[in-house]
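Chain residues, written in single-letter form:
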Amino acid sequence: MAIPPDIKDSIAKIKPLSQSAVRLMSVMADPDHTVGQIAAIVESDPILTGNVLRVVNSPAFGLRAKISTVSRAVSYTGGNMVVGLALHLCASGIFNHPLEGYESQRGALWRHCLLTAIASREIARFSSGKTDPEVAYTGGLLHDVGKAIMSGSLGNSAREIVAAADAEKTTDFVAGELAAVGTDHTEVGQAIAKHWSLPDPLLEVIRYHHAPSKAHEKYRPLVYAVHLGDFIAMMGGTGTGADTLLYNLDHDYKKFINVSAGELEKVILDSGQEYQQVVESMFGSEEEQQ
Amino acid sequence: MGATRTPGQELRTLALGSCVALIMLDPKTRCIAMVHVVLPESSIDPARSLKKPGHFADTAVPALLEEMKKLGSEGTGKGMIVKLMGGANVMDPNNTFNIGKRNALALKKALWKYGMGPRAEDLGGRISRSVSVDVDSGKVKITSPGRDGWEL
Ligand SMILES: [Fe+2]
Ligand SMILES: [Fe+2]
């Protein structure tokens, strides 16, 4: 399948990522990266610096003393959160794109990607060292970027895809997108990632997070980690609307991720708590869900 | 977790996913109560279950009865109308990701201890439900993106 020309045009018009976001992602992809390297990138970007300091000093972090240096701030927030902030700053047009096509709201894509990122990182710890948790986090943040563009092309198809899925006439939402639009959010996402010159492991995550067995062997454990992280986010009710849970869990995940039911439950609790903290520190306190 | 008997008020919970909403209605006091259960067993994290008993099926049931007792219900579970919804399920032959199903089962077990059982339920499927219930009608309304709403 090829991406229809109007979608190609929309992708070509997407703003490039900031230099600091790109550099942060490549530093984080190196398992031996240091806090100092991350702090240096943050310091070179005044807007990012301001955001990192705002977040670390927010009530959700609960630190008593005010933090005023970037290196101390980064040692508290961790590199993951810095990457998340950098991406949110430079690609907020994508992450906060309204998702009418999925019958969802502005901001839903960012929230879903954030929880997927945290859960994917935690799940990657059960890969027996075959995938780096930090890369899984970045992969989770980006896995559904394609939805920002797909949303506009879906029109009213989501309703039909959901009805077909509920009647067990279609297996998953990706197939529905493909039939309705001629492409799906993983192919569009991969094209956006190429437009942004993202590295191969991230391209594979975006392209195959709903079909992890098709990913290049080298990146398969990583793609499986994000595949599971995505399910954890949807199971937590943090999806992107009509497509939530209408995907197939690849039962072969056991070959790559050895997680027990009890361990998964812990991952769900811990990811949910961290997600809440990050959302509150970025956007202020939210009405607590019952 | 919440309970109310104030006319005009409603309780709601957003996007349940594999979580299960347990609703109790007391016909005597016209009190309604709802809790959003995330996981089946509190033994996975006893410390958290003390702070948030509603998170776990086994501790959610007594905690919800306690909330209703504060509003004049007997608190024993006797005569309660119980409804369950949510628990979207992920098919997993490894028995790991099917948490929705395990949540629903654990809640039924916990209810059974008080001699209670659901009068109505809308569980499972690959559906993330949002749920609301109001004091005046006691009706449960369910919505899910991409679908028309329904009642229970
Ligand atoms: Fe996806
Ligand atoms: Fe997703």
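Computed from a predicted structure; not experimentally measured.

With respect to the sheet that holds strand 2 (residues 10-13) of chain B
Residues and elements named next belong to chain B.
Line of reasoning, step 1. Pairing is antiparallel in the open sheet, where four strands are placed in the order 2-7-8-9. Pairing within the sheet leaves two strands with one partner each, and these edge strands are strand 2 and strand 9 (150-151).
Line of reasoning, step 2. Two elements, strand 2 and strand 7 (residues 130-134), share four bridges in a ladder whose sense is antiparallel. Paired with Arg12 across the bridge in strand 7 is Ser132.

So, the domain arrangement of chain A
All names here are of chain A.
Line of reasoning, step 1. According to the domain assignment, chain A consists of domain 1 (18-90) and domain 2 (92-289).
Line of reasoning, step 2. At the junction of the two partners, domain 1 supplies 19 residues and domain 2 supplies 20 residues.
Line of reasoning, step 3. Of the roughly 1700 Å² buried between domain 1 and domain 2 on both sides combined, carbon and sulfur atoms contribute 64%.
Line of reasoning, step 4. The three residues of domain 1 that bury the most area against domain 2 are Asn80, Leu87 and His88, which together make up 37% of that side's buried surface.
Line of reasoning, step 5. For the interface between domain 1 and domain 2, the tally reads zero salt bridges.
Line of reasoning, step 6. At the boundary of domain 1 and domain 2, one finds five residue pairs in polar contact (both at pLDDT 80 or more).
Line of reasoning, step 7. Within the residue set of the side of domain 1 that touches domain 2, elements represented by two or more residues are helix 2 (19-28), helix 4 (46-56) and helix 5 (70-90).

Some thoughts on unusual backbone geometry
Line of reasoning, step 1. Positioned with a positive phi, Leu245(A) is a non-glycine residue whose angle comes to about 70°.
Line of reasoning, step 2. Inspection of the secondary structure puts Leu245(A) in the loop between helix 14 (220-235) and helix 15 (261-283).
Line of reasoning, step 3. With a phi angle near 60°, Asn95(B) is a residue other than glycine that sits in the positive phi range.
Line of reasoning, step 4. With respect to the secondary-structure elements, Asn95(B) resides in the loop between strand 5 (81-86) and helix 3 (99-112).

Cut-offs applied
- Residues numbered from 1 in each chain as written.
- Chains lettered and ligands numbered in written order.
- Predicted model: local features only at pLDDT ≥ 70, side-chain atom pairs only at ≥ 80, totals over all residues.
- Heavy atoms only, no water.
- Pairing = 2+ DSSP bridges.
- Helix = DSSP H or I, 4+ residues; strand = E, 2+ residues; numbered from the N terminus.
- Domains from an automatic or database assignment.
- Contact = heavy atoms within 4.5 Å.
- Buried area = accessible area lost by both parts, 1.4 Å probe.
- Salt bridge = Lys/Arg side-chain N within 4 Å of Asp/Glu carboxyl O.
- Polar contact = N/O pair within 3.5 Å; in protein donor to acceptor, adjacent residues only side chain to side chain.

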